[in-house]
Amino acid sequence: LFRSRAVARVNGDADRLRALVNAGVPVLIETWYEPKPNDGMGHYRLIVGYDDPTKQWIAYDSYDSHGIVKDQPYAGIRLPYDKLDTLWAVFNRTYVVVYDEARAAAVESIIGGDMDDTAMWQRSLAGAENAIRAQEQDPFAWFNAGSSLVALGDHPRAAQAFDQARRIKLPWRML
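Now for a quick tour of the structure. (Residues numbered from 1 in each chain as written. Predicted model: local features only at pLDDT ≥ 70, side-chain atom pairs only at ≥ 80, totals over all residues. Heavy atoms only, no water.)

**Looking at the nonpolar core**
Then step 1. With 21 residues, the main nonpolar core has Val27, Ile29, Ile47, Tyr95, Val97, Tyr99 and Val107 as its most contacted residues.
Then step 2. Among the secondary structure elements, those contributing two or more residues to this core are helix 1 (14-22), strand 2 (27-33), strand 4 (56-60), strand 5 (77-80), helix 2 (81-89), strand 6 (95-100) and helix 3 (104-111).
Then step 3. In this view, Val97 contacts Arg5, Ala6, Val7, Leu20, Val25, Val27 and Val107; residues no more than four positions away in its chain are not counted. (Core = buried A, V, L, I, M, F, W, Y, C linked by side-chain atoms within 4.5 Å. Buried < 20%, exposed > 50% of the residue type's maximum accessible area, 1.4 Å probe, protein only. Helix = DSSP H or I, 4+ residues; strand = E, 2+ residues; numbered from the N terminus. Contact = heavy atoms within 4.5 Å.)

Written out as structure tokens, the structure is:
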């Protein structure tokens, strides 16, 4: 009988992705995807590897087929580190890890303090507030602050953050 665990987290980063992949645990991340201008949407990608010399993540993607060679085994797509980070930031760097019992200790060690929901959301809020200070007109930073504030139970401030994100102009597919 195979027993697995799953954990959904926010506030991920490149070092954590690398550590999880190195531990044999692929990571599902939520990113922005915009196949045509003004036609963006949320999209999940499975990170299965990375290539430091070329500064690219290797991802399995059910929608994007750029770089795929017809009649060759599927090797995933390549996404530049900086581009993926920008796309991932839109959704508060959300990631999901599914792992077996044998990898549980490694996964929990890699995720560390972010295994605790309150601590994770507090760090996520701090990151969103830093992003707002760096670029006050970033609607995604305001949206991420709102999401973190909801999780922390501060609904009045969350509503203010979401309102600010909408005033700045979120894309039409953002709720």
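**Concerning the sheet that holds strand 1 (residues 4-9)**
Then step 1. With respect to topology, six strands assemble into an open sheet ordered 1-6-2-3-4-5, the strand pairing being antiparallel. Only two strands of the sheet have a single neighbouring strand rather than two, namely strand 1 and strand 5. Along the sheet, successive strands turn relative to each other by an average axial angle of 35 degrees, direction set aside.
Then step 2. Inspection of the sheet shows strand 3 (residues 41-51) paired to strand 4 by five bridges, in the antiparallel sense. Counted as the bridge partner of Ile47 is Ala59 from strand 4.
Then step 3. This element, helix 2, spans strand 2, strand 3, strand 4, strand 5 and strand 6 of the sheet and lies at about 80 degrees to strand 2.
Then step 4. Most of the contacts of helix 3 go to strand 6, to which it runs at about 155 degrees, and overall it touches strand 1 and strand 6. (Pairing = 2+ DSSP bridges. Axes fitted to C-alpha atoms, helices over the stretch in contact; angles between N-to-C directions.)

**Let's talk about the pattern of salt bridges**
Then step 1. For the structure shown, the criterion picks out 14 salt bridges.
Then step 2. A salt bridge links Glu101 to Arg5; the nearest nitrogen and oxygen atoms lie 2.6 Å apart. One end of the pair, Glu101, is in the loop between strand 6 and helix 3; the other, Arg5, is in strand 1, and 96 residues separate them in sequence.
Then step 3. Take Arg5: its relative accessible area is 31%, and that puts it in the partly exposed class.
Then step 4. Among the ionic pairs, Arg78 bridges to Asp51, the shortest N-O distance being 3.1 Å. Here Arg78, found in strand 5, pairs with Asp51, found in strand 3; they are 27 residues apart in sequence, far enough to count as distant. (Salt bridge = Lys/Arg side-chain N within 4 Å of Asp/Glu carboxyl O.)

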